Amino acid sequence: MSLVFLVGLLLGFFVVVNGIDLWPMPKAVRRGSQTLYVSKDFRLSMEGSKYSDGSGMLKEAFGRMVSLVEAANTIDGNLPRYGVLAGLNIIVNSPDDELNFGIDESYKLSVPASGNTIYGQIEAQTVFGALHALQTFSQLCHFNFTTKVLELHAAPWTIFDLPRFPYRGLLIDTSRHYLPLPIIKGVIDAMTYSKLNVLHWHIVDEQSFPIEVPSYPKLWNGAYSNSERYTMADALEIVKYAEKRGVNVLAEIDVPGHARSWGVGYPSLWPSSNCQEPLDVSNEFSFKVLDGILSDFSKVFKFKFVHLGGDEVNTGCWTRTPHVKEWLHKHHMNGSDAYRFFVLQAQKIALSHGYDIINWEETFNHFGDKLNPKTVVHNWLGGGVAQRVVAAGLRCIVSNQDKWYLDHLDATWEGFYMNEPLTNISKPEEQKLVIGGEVCMWGEHIDASDIEQTIWPRAAAAAERLWTPLGRLAKDPNRVAARLARFRCLLNRRGVAAAPMVGFGRQAPTEPGSCLLQ
């Protein structure tokens, strides 16, 4: 542990204990100096709310929140007669609970310090803003080991909050290693604690095709084994589980490259048995299969966007396979032309199923002026791409690999925190085209055994960058080190295997000591 980091952590610990201990930092916070005591019968009310909660989404979220704050310790002390916080009244102004992209996620959380029966209050335009407020409230509650009751310090509280970016993503990769459903659900739960709201599910790749496609049932012959598969019912369960927590699921089908596994079930998708990717551009069957996949997906994955990949396409198989080479000659194309043709055909198919498209940045770098105007360009190769994308009038998601790739274990949490999506983008109309960012957990070297400690707490560092207003973000990451350390310890108490902050990603503790100093 470096001396500079340790001193910063200790100084920051003093500031946090005597200041605002919330992650991510809200837009505006006012607090007082009184202590309240959380009732053992902490109740939810919805007086004045226009949202009926017919689906039970809010009631379930409230129950999960209470379970989180009560689970860390056994609460068996006696409450005092005064200063007891009896519950939360939640007012949601919209009666709808459909999770659309760009939905209002703002909220106001108020906790008074006096009254005969003290209730906190959450006001939100949508139920999804209320879900974020519940996560914030959960971080205000602390267990007193002397009295053995839950306390809420520094009341009265008034917090107004809303996200800086509408898209705050985390990618998981189930092709390089299969991830069981409970692991994916655990990732979603942990995302909500730091207010990430898009699970980018990179479902298939060249190594395996683990998901069922009813229209083309042999595709999942490309799975590693019969037990490492997802049925469409499994996928729907993940989508519904995420939606109840305010998280959209973005499905990715990467074409035309990264698709060798498709041909295990349908060998005609390969250019040849000896040259197995990209998908055969000369075979109309390639596009029929993609159409069938997206048709089936549209019944399950309801998010506005679908990710069509488009990265790392080596056209060598096309130019040296005789029948594909003949097709290219007939259509007056070279390999680059065919790459563009495939991507644009895939976009048309996705649009026909009601999706907007996300493509990796190579598509923009090679033929950006030909992309459909509904395209969102997903940056990953490095910096400087977003400013070119938005200058061209397209939307962009930032994931530059040198800062926001979680599989890069030498990428530190400080780098995750300081990575700014709007670097060198000053025009307001262009800033709006950067819809957000995403941290990427590629799966070559992770599986169910180590995914959590590889993601957290570095993903949480990026989450504050994507949620908190620029003016509230620290210019020196050491100023947030203690607060992030406490959030990392909170994740541990909630059963999330978040790794120590000292050193690189996924590093074991270096020596005995407090969680707060690791």
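Definitions and limits used
Residues numbered from 1 in each chain as written. Predicted model: local features only at pLDDT ≥ 70, side-chain atom pairs only at ≥ 80, totals over all residues. Heavy atoms only, no water. Helix = DSSP H or I, 4+ residues; strand = E, 2+ residues; numbered from the N terminus. Buried < 20%, exposed > 50% of the residue type's maximum accessible area, 1.4 Å probe, protein only. Areas by Shrake-Rupley, 256 points an atom, 1.4 Å probe, with all protein chains shown as cover. Phe/Tyr/Trp six-rings, centres within 6.5 Å; stacked < 30°, edge-to-face > 60°. Lys NZ or Arg CZ within 6 Å of the ring centre and 35° of its normal. Disulfide = S-S within 2.5 Å. Axes fitted to C-alpha atoms, helices over the stretch in contact; angles between N-to-C directions. Left-handed = near helix turned anticlockwise from the far one by under 90°. Contact = heavy atoms within 4.5 Å. Nonpolar A, V, L, I, M, F, W, Y, C, P; charged D, E, K, R; others polar. Salt bridge = Lys/Arg side-chain N within 4 Å of Asp/Glu carboxyl O. Pairing = 2+ DSSP bridges.

Q: Can you tell me about the overall build of the protein chain, naming the residues and giving the values?
A: Looking only at helices and strands, one finds 18 helices and 16 strands in the protein chain. Here the C-alpha coordinates of the protein chain stretch approximately 85 × 55 × 50 Å along the principal axes. By residue count, 57% of the 518 residues in the protein chain fall in the buried class. Here the protein chain displays about 20,900 Å² of accessible surface, and carbon together with sulfur accounts for 51% of that area.

Q: Got a sec to walk through the packing of aromatic side chains? Specific residues and values, please.
A: Enumeration according to the criterion identifies 23 aromatic pairs in this entry. Both rings, one in Trp23 and one in Tyr417, keep their centres 6.1 Å apart while their planes meet at 50 degrees; by these two values the pair is tilted. Of this pair, Trp23 sits in the loop between α1 (3-17) and β1 (28-30) while Tyr417 sits in helix α14 (residues 413-418), and the two are 394 residues apart along the sequence. Given the relative accessible area of 0%, Tyr417 is considered buried. Through pairs of rings, three or more aromatic residues link up here, namely Tyr178, Trp201, Tyr230, Phe297 and Phe301. The cationic tip of Arg229 hangs over the ring face of Trp220; the distance from NZ or CZ to the ring centre is 4.5 Å.

Q: Outline the state of the cysteines, supporting the account with residue identities and numerical values.
A: Under the defined criterion, the tally for this structure stands at 2 disulfides. Disulfide pairing places Cys275 opposite Cys317 at an S-S distance of 1.8 Å. On the sign convention where negative means left-handed, the S-S torsion of about -100 degrees between Cys275 and Cys317 marks this disulfide as left-handed. With Cys275 in the loop between α6 (262-265) and α7 (284-297) and Cys317 in helix α8 (residues 316-320), this pair connects stretches of sequence that are 42 residues apart. In terms of burial, Cys275 and Cys317 fall into one category: buried. Each sulfur of the disulfide joining Cys489 and Cys515 lies 2.0 Å from the other. Taking the torsion about the S-S bond as the criterion, the Cys489 to Cys515 disulfide, at about -115 degrees, is left-handed. Of this pair, Cys489 sits in helix α18 (residues 481-493) while Cys515 sits in the segment after α18; the two residues are 26 residues apart in sequence, bridging distant segments of the chain. According to the relative accessible area criterion, Cys515 is partly exposed, its value standing at 25%.

Q: Give me the packing of α7 against helix α10 (residues 335-352): which residues, what numbers.
A: Where α7 contacts α10, the axes come no closer than 10 Å and their chain directions differ by 35 degrees. Classified by chirality, the crossing of α10 by α7 is right-handed. In contact with Ser286, Phe287, Leu290, Asp291 and Leu294 of α7, α10 contributes Phe341, Phe342, Gln345, Ala346, Ile349, Ala350 and Ser352. A class-by-class count of the residues in the contact of α7 with α10 yields 8 nonpolar, 3 polar and 1 charged.

Q: How would you explain the pattern of salt bridges if you had to name every residue and give the values?
A: One pass over the structure, following the stated rule, counts 17 salt bridges. Residue Arg486 is joined to Asp21 by a salt bridge in which the shortest nitrogen-to-oxygen separation is 2.8 Å. Note that Arg486 is positioned in helix α18 and Asp21 in the loop between α1 and β1, a separation of 465 residues in sequence. Given a relative accessible area of 18%, Asp21 falls into the buried group. Residue Arg245 is joined to Asp189 by a salt bridge in which the shortest nitrogen-to-oxygen separation is 2.9 Å. With Arg245 in the loop between α5 (232-243) and β11 (248-252) and Asp189 in helix α4 (residues 181-193), this pair connects stretches of sequence that are 56 residues apart.

Q: Please give an account of the pairing of strand β7 (residues 149-155) that cites residues and values.
A: Of all 7 residues that make up β7, 6 are buried, and the element is covered over most of its length. Bridge count for strand β2 (residues 34-45) against β7 is 3 bridges, and the pairing is antiparallel. Residue Leu36 lies in a different strand from β7, and its bridge partner there is Leu152. Where strand β6 (residues 141-144) and β7 come together, 4 bridges link them in antiparallel fashion. Across the sheet, the residue bridging to Phe143 is Leu150, located in β7. Between β6 and β7, which pair antiparallel and follow one another directly, the connecting turn spans 4 residues, one of which, Lys148, has a positive phi of 60 degrees.

Q: With reference to specific residues and values, describe the sheet that holds β7.
A: The sheet built from 8 strands is open, its strands ordered β1-β8-β4-β5-β3-β2-β7-β6 with mixed pairing. Across the chains shown, the open sheet's two edge strands, defined by having one partner strand only, are β1 and β6. On average, adjacent strands in this sheet sit at an angle of 30 degrees to one another, irrespective of strand direction. Running over the sheet, helix α2 (residues 57-71) touches β2, β3 (84-92), β6 and β7 and is turned about 140 degrees from β2. Packing of helix α3 (residues 127-140) onto the sheet brings it into contact with β2, β3, β4 (107-111), β5 (118-124), β6, β7 and β8 (157-161), and relative to β4 it is tilted by some 40 degrees.

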